[in-house]
Amino acid sequence: MIPISRPSLPPYSKVAKHWKHIYESGMLTNHKYVEQLEKAVAAYIGVKECVAVANCTSGLILSFKALGIRGKVVVPAFTFMATAHALLWNNIEPVFADSNDDTMTVDTEDVERLCKKGVSAIMAVYTFGNPPDLAALEDIAQRSGIPLILDAAHALGGSYRGKKAGSFGKVEVFSLSPTKTLVSGEGGIIATDDKDLAYRLRRLRDYGNDGNYDCEWLGLNARMSEFHAALALEGLKILDENIKQRIKKASRYKECLADVPWLKFQKVREDCLCTYKDFAVIAETSNLNGKKSLRDNLAEHLQFKGIQVKKYFCPAVHKLKIYDRMAPSRARKLSKTEHLSRSVLCLPLHPNLADTEIVCIADAIRKAPSP
Ligand SMILES: *Cc1c(COP(=O)(O)O)cnc(C)c1O
C-alpha cells in the first residue's frame with residue numbers, strides 16, 4: 001500500500017533528548033519549549049507574534065473570538081470542514097464563496113460581490129498549500145473596512161510574492177497535525193503582527209484567565225504541551241528541505257502525467273510557492289451521462305491497486321449536512337466549487353515518496369479503465 005501521506009518527522013534521537021529533559025524537569029506544559037517554538041516560528045515567518053495552540057481549529061475559533069467578530073463572514077466552500085466550523089462556534093453565519101476551478105483558491109470576484117452585503121470579515125484558505133490571491137483579498141478587505149483572516153492550515157513554509165505565509169491579513173492560523181507540513185502531533189500556530197491580539201489569544205487559550213483567576217473572558221484550554229512543542233521545534237529545522245522535496249515530487253508527477261489528456265493539475269501563480277500539502281489533480285468530467293464520474297472511477301482503480309487517494313473536498317462544505325440545512329447556503333449555487341468537488345483527487349505526496357512510486361502511480365493512472 002502506498003499511503004497518501006506520511007508525517008515529516010525530524011530524527012528521533014534529537015527529539016528524544018528534549019523529551020527526556022521535559023520528562024525529568026516535570027514541566028510538561030506552559031513552559032520554555034512552547035515559548036521557544038513561538039519565537040522560532042515568528043522569526044521564520046517574519047511576524048511580531050506567534051501563539052502556539054492545541055490545534056488549528058481552536059486557533060481559528062479563538063482568533064474570531066479575540067477579534068470580536070459577529071454577524072456574517074465570507075468563506076470559501078471548497079475547504080475542510082474545520083474552516084467553517086470556527087465560524088459556527090462563534091455564532092457567526094458563514095457566507096460561502098465560490099473558488100477558481102484552476103487554482104482551487106477562493107474566487108476574489110465573488111468575495112468582492114459578497115462583501116457588499118454587510119459581512120464582518122473575510123476568511124480565505126491556502127488550498128493544498130496554494131496561496132489565494134492575497135493582494136486582491138487584502139485590497140478588498142481594506143476597501144470594505146473589515147479584517148482578513150487566513151486558514152493557513154496547509155501553508156507553513158509557503159510564500160506569496162516573496163513574503164512568507166503567516167504575514168498576511170490580520171491573523172493566520174497553521175495546523176501542526178501529522179499530514180501538514182510542520183508536525184507536532186497535534187498543534188496549531190497563530191501568527192499576527194498585532195501585539196494586543198496576541199496578548200488576548202494567550203489569555204483565551206488558557207481558559208480566558210488573565211493570571212489573577214478572576215476571569216473576564218470566555219476561553220478554552222487550547223494550550224500546546226511541551227512535548228508537542230519540542231517535536232515541532234526540531235521539525236522546523238527540516239521544514240524548508242521538506243517543502244523543497246514536496247515541490248520536486250509534484251514536478252515529477254507533472255512530468256510523468258503530462259501525456260494524460262483528461263488530467264489537469266492545480267494552477268500555482270508564478271510568484272507563489274505552494275507547499276503541496278497535497279498533490280491535487282482534476283479528472284475532467286465532461287460527458288457524464290449519469291455514469292460514474294471519471295474521478296470516482298479513478299479513485300476506485302487506484303485504491304484497488306494499493307494506492308491511497310482522497311477525494312478532497314467532497315462534499316464541499318456548503319453541502320455537508322450541518323451547513324446544507326441552513327437556508328442562506330441553499331440559496332447560492334457554487335458551480336465551480338461543485339465541479340471541483342466532483343473532479344479533484346489527491347494523490348500520495350510526502351517528502352520521502354520514492355521516484356519509483358511516482359512512476360508506478362502515474363502508470364496506474366494511465367491504465368485506469370474509462371467509466
Ligand atoms: C487540517 C485542517 C484544519 C484543522 O487543523 P487541526 O490542527 O486538525 O485542527 C483546518 N483547516 C484546514 C484547511 C485543514 O486542512
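Quick caveat, the model's predicted, so the values are computed rather than measured.

## Section: the sheet that holds strand β3 (residues 93-97)
Phase 1 of the analysis: Across the sheet, which stays open at both edges, the 7 strands sit in the order β1-β9-β8-β5-β4-β2-β3 with mixed pairing between neighbours. Edge positions in the sheet fall to β1 (49-53) and β3, since each of these pairs with one other strand and no more. Neighbour-to-neighbour, the strand axes of this sheet turn through a mean angle of 20°, independent of strand direction.
Phase 2 of the analysis: Sheet analysis places strand β2 (residues 72-76) next to strand β4 (residues 121-125), joined by 2 bridges and oriented parallel. Each residue of the ladder has a partner; that of Val 74, found in β4, is Ile 122.
Phase 3 of the analysis: Set on the sheet, helix α2 (residues 32-45) makes contact with β1, β8 (171-175) and β9 (188-192); between it and β1 the angle comes to about 135°.
Phase 4 of the analysis: Packing against the sheet, helix α3 (residues 56-67) makes contact with β1, β2, β4, β5 (148-151), β8 and β9, and its axis sits at approximately 165° to β8.

## Here we look at the site of the ligand
Phase 1 of the analysis: Lining the immediate environment of the ligand, one finds 13 residues, of which Thr 57, Asp 151, His 154, Ser 175 and Lys 180 sit closest.
Phase 2 of the analysis: Between the ligand and Cys 56, the relevant distance is 2.9 Å, taken from an oxygen atom to a main-chain nitrogen or oxygen of the residue.
Phase 3 of the analysis: Between the ligand and Asp 151, the relevant distance is 2.7 Å, taken from a nitrogen atom to a side-chain nitrogen or oxygen of the residue.
Phase 4 of the analysis: For the ligand, whose unbound accessible area comes to 380 Å², protein coverage reaches 89%.
Phase 5 of the analysis: According to the grid-proximity analysis, the pocket containing the ligand is the largest pocket.
Phase 6 of the analysis: The set of elements that each furnish at least two residues to the shell around the ligand consists of α3 and α4 (81-88).
Phase 7 of the analysis: Of the residues contributing to the shell around the ligand, the split by class is 4 nonpolar, 7 polar and 2 charged.

## With respect to the pairing of strand β13 (residues 344-347)
Phase 1 of the analysis: Taking every second residue as pointing to the same face, both faces of β13 are buried, with Val 344 and Cys 346 on one and Leu 345 and Leu 347 on the other.
Phase 2 of the analysis: Strand direction decides the pairing type here: strand β12 (residues 279-283) and β13, joined by 4 bridges, are antiparallel. In the strand pairing of β13, Val 281 is matched with Leu 345.

## Things to note about helix α5 (residues 108-115)
Phase 1 of the analysis: Among the residues of α5, those classed as buried are Thr 108, Asp 110, Val 111, Leu 114 and Cys 115. Angularly, the buried residues of α5 cover 155° about the axis, an arc narrow enough to put them on a single face.
Phase 2 of the analysis: Summarising the contacts, the buried residues of α5 are in contact with β2, β3, β4 and α6 (134-144).
Phase 3 of the analysis: Capping the start of α5, Asp 107 holds a side-chain oxygen 2.9 Å from the backbone nitrogen of Glu 109, two or three residues further along.

## Re the sheet that holds β12
Phase 1 of the analysis: Taken in spatial order, the 3 strands make up an open sheet running β10-β12-β13, and their pairing is antiparallel. Here the strands that pair on one side only, and so sit at the sheet edges, are β10 (263-265) and β13. Geometrically, the sheet is characterised by an average inter-axis angle of 35° between neighbouring strands, direction not taken into account.
Phase 2 of the analysis: Here 3 bridges tie β10 to β12, and the two strands are oriented antiparallel to one another.

## Looking at the packing of α3 against α4
Phase 1 of the analysis: Close contact between α3 and α4 brings their axes to 8 Å; oriented N to C, the two are set at 35°. Crossing of α3 over α4 shows right-handed handedness. The residues of α4 that touch α3, namely those facing Thr 57, Leu 60, Ile 61 and Phe 64, are Ala 82, Thr 83, Ala 86 and Leu 87.
Phase 2 of the analysis: For the contact of α3 with α4, the residue count by class is 6 nonpolar, 2 polar and no charged.

## Structural notes on the nonpolar core
Buried together is how nonpolar side chains tend to be arranged in soluble globular proteins.
Phase 1 of the analysis: Judged by nonpolar contacts, the single largest core of 49 residues is most densely connected at Leu 37, Ile 45, Val 111, Ile 122 and Phe 174.
Phase 2 of the analysis: Not counting the four nearest positions on each side in its chain, Phe 174 is found in contact with Ile 45, Cys 56, Ala 152, Ala 153, Ala 155, Leu 156, Ala 165, Gly 166, Gly 187, Gly 188, Ile 189 and Ala 191.
Phase 3 of the analysis: In terms of nonpolar packing, the next biggest core, distinct from the first, is built from 33 residues, Cys 56, Leu 60, Leu 201 and Leu 204 among them.

The rules we used
- Residues numbered from 1 in each chain as written.
- Predicted model: local features only at pLDDT ≥ 70, side-chain atom pairs only at ≥ 80, totals over all residues.
- Heavy atoms only, no water.
- Pairing = 2+ DSSP bridges.
- Helix = DSSP H or I, 4+ residues; strand = E, 2+ residues; numbered from the N terminus.
- Axes fitted to C-alpha atoms, helices over the stretch in contact; angles between N-to-C directions.
- Contact = heavy atoms within 4.5 Å.
- Near = heavy atom within 4 Å.
- Polar contact = N/O pair within 3.5 Å; in protein donor to acceptor, adjacent residues only side chain to side chain.
- Areas by Shrake-Rupley, 256 points an atom, 1.4 Å probe, with all protein chains shown as cover.
- 1 Å grid on protein atoms, 1.4 Å probe; cavity = no way out; pocket = protein on both sides within 12 Å on 5 of 7 lines; lining within 4 Å.
- Sits in = over half its atoms within 2 Å of the grid points.
- Nonpolar A, V, L, I, M, F, W, Y, C, P; charged D, E, K, R; others polar.
- Buried < 20%, exposed > 50% of the residue type's maximum accessible area, 1.4 Å probe, protein only.
- Arc of directions from axis to C-beta.
- Left-handed = near helix turned anticlockwise from the far one by under 90°.
- Core = buried A, V, L, I, M, F, W, Y, C linked by side-chain atoms within 4.5 Å.

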